[in-house]
Amino acid sequence: MQPDIIAIGEPMLEFNAEEEGALSEVKHFVVGWGGDTSNFAIAASRAGGRVGYLTCLGDDEFGESFLKLWQREGIDVTRIVKDPDAFTAAYFISRKGEQHYFTYFRRDSAASRMTPGFLPQDYIAGAKLLHVSGISQAISVSAGETVSAAIAIATSAGRLVSYDPNFRPKLWALDRARAIIHATCRQADLIFPSLDDARQLTGMAAPEEIARFYLGLGPKVVVVKLGAEGALLATADGLRRVPPYKVDAIDMSGAGDTFDGAFVAGYLAGRPVDECLRFANAAAAITTTGLGCVTPVPRLKEIEAFMARQPR
């Protein structure tokens, strides 16, 4: 299968605490799947997109778990590579109140050992859109080079590039992150910065100012994700803020990735950009009503039914 959408990055098996407390105090965990671009791929597929994923996995049970997951989700895995000398990354989530704490086991993971030579050029060039993230750029020098090479293949073939900066200060220094992320924004067609990330990267505070700054770097579409305040769309036609949908949120994990995936799936399906914003906002809202990054991600019919029940 030649997908319309291809994402590249690092998948991570997730262990999400069922009860509150420090990691050492938690007795029960819900096992799931994470990694921002994997979350994106699943969300885009459930929202109606034809999706493929690119990564390197360890030759281990965690990696097998992801392959089975993606295959169940209809995601093409034919170009994924297994590294027998590395492992598939994992992370743990503990929480206290609304505060979440993440503990990662990812250094020297199989995905962090990706190099440009592993990229299937025909596969990327044959898609309509490539999705990448700042996390994929930050996990290692070689992974960052691989993302850059993938973007070059896509842009040379006239394909769209979507990008979530997903800035993680623990992975790289702010100055380096700012330089690479903003250079990538100049190459992308659609970008999805969160407000918190954008404030750190730009030094600006107002969402409107941030949206105009990123639009000035060259993307066709900028969406500043405002969390509980909704989202702000910026295009050549101006700015438009969309309020959030009201839901009983219990876990924000993966909501931003779901937003990205739903928006891109809607965009490639020909939905007007304003409708893509509402569609993505709805998908992200539904995701927050369950635990984990994957299980609560809604499918196309669920998103559309949810939107139909909401006032415009």
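Use the structure listed above.
Rules behind the numbers
- Residues numbered from 1 in each chain as written.
- Predicted model: local features only at pLDDT ≥ 70, side-chain atom pairs only at ≥ 80, totals over all residues.
- Heavy atoms only, no water.
- Core = buried A, V, L, I, M, F, W, Y, C linked by side-chain atoms within 4.5 Å.
- Buried < 20%, exposed > 50% of the residue type's maximum accessible area, 1.4 Å probe, protein only.
- Helix = DSSP H or I, 4+ residues; strand = E, 2+ residues; numbered from the N terminus.
- Contact = heavy atoms within 4.5 Å.
- Pairing = 2+ DSSP bridges.
- Axes fitted to C-alpha atoms, helices over the stretch in contact; angles between N-to-C directions.
- Parallel < 35°, antiparallel > 145°, perpendicular 65-115°, else oblique.
- Nonpolar A, V, L, I, M, F, W, Y, C, P; charged D, E, K, R; others polar.

**Quick notes on the nonpolar core**
One finds Trp70, Val223, Phe259, Phe263 and Leu277 to be the most contacted residues of the largest nonpolar core, which totals 49 residues. Considering each element in turn, this core owes the most residues, 9 residues, to helix 10 (residues 273-287). Not counting chain neighbours up to four residues away, the residues in contact with Trp70 comprise Pro11, Ser38, Ile42, Tyr53, Thr55, Leu57, Ile75, Val77 and Ile80. Counting residues in hydrophobic clusters, the runner-up holds 45 residues, among them Ile6, Ile8, Leu54 and Ala110.

**A word on the sheet that holds strand 12 (residues 221-225)**
Read across the sheet, 8 strands follow the order 4-1-9-10-11-12-13-14 without closing on themselves; strand pairing throughout is mixed. Of all strands in the sheet, those bounded by a partner on one side alone are strand 4 (51-54) and strand 14 (238-242). Here helix 5 (residues 141-156) sits on the sheet in contact with strand 1 (5-8), strand 9 (129-133) and strand 10 (160-164), set at roughly 160 degrees to strand 9.

**Comments concerning the sheet that holds strand 7 (residues 89-96)**
If you trace the 4 strands from one edge of the open sheet to the other, you get 3-2-7-8, paired in mixed fashion. Only two strands of the sheet have a single neighbouring strand rather than two, namely strand 3 (29-34) and strand 8 (99-105). Pairs of neighbouring strands in the sheet enclose a mean axial angle of 25 degrees, with direction left out of account. Summarising the sheet, strand 2 (residues 12-17) and strand 3 pair through 6 bridges and their orientation is antiparallel. Bridge pairing in strand 3 links Glu14 to Gly32.

**Digging into the side chain of His182**
Tracing the sequence through the fold places His182 in helix 6 (residues 174-187). With a relative accessible area of 8%, His182 lands in the buried category. Leaving out residues up to four positions away in the same chain, His182 has contacts with Leu201, Thr202, Phe213, Tyr214 and Leu217.

**Overview of the packing of helix 6 against helix 7 (residues 195-202)**
Where helix 6 contacts helix 7, the axes come no closer than 9 Å and their chain directions differ by 105 degrees. In this view, helix 6 runs roughly perpendicular relative to helix 7, as classed from their interaxial angle. Where helix 6 abuts helix 7, its residues Leu174, Ala177, Arg178, Ile181 and His182 lie against Gln200, Leu201 and Thr202. Residues of the contact of helix 6 with helix 7, tallied by class, amount to 4 nonpolar, 3 polar and 1 charged.

Everything listed here is a matter of geometry and, on its own, says nothing about what the molecule does.
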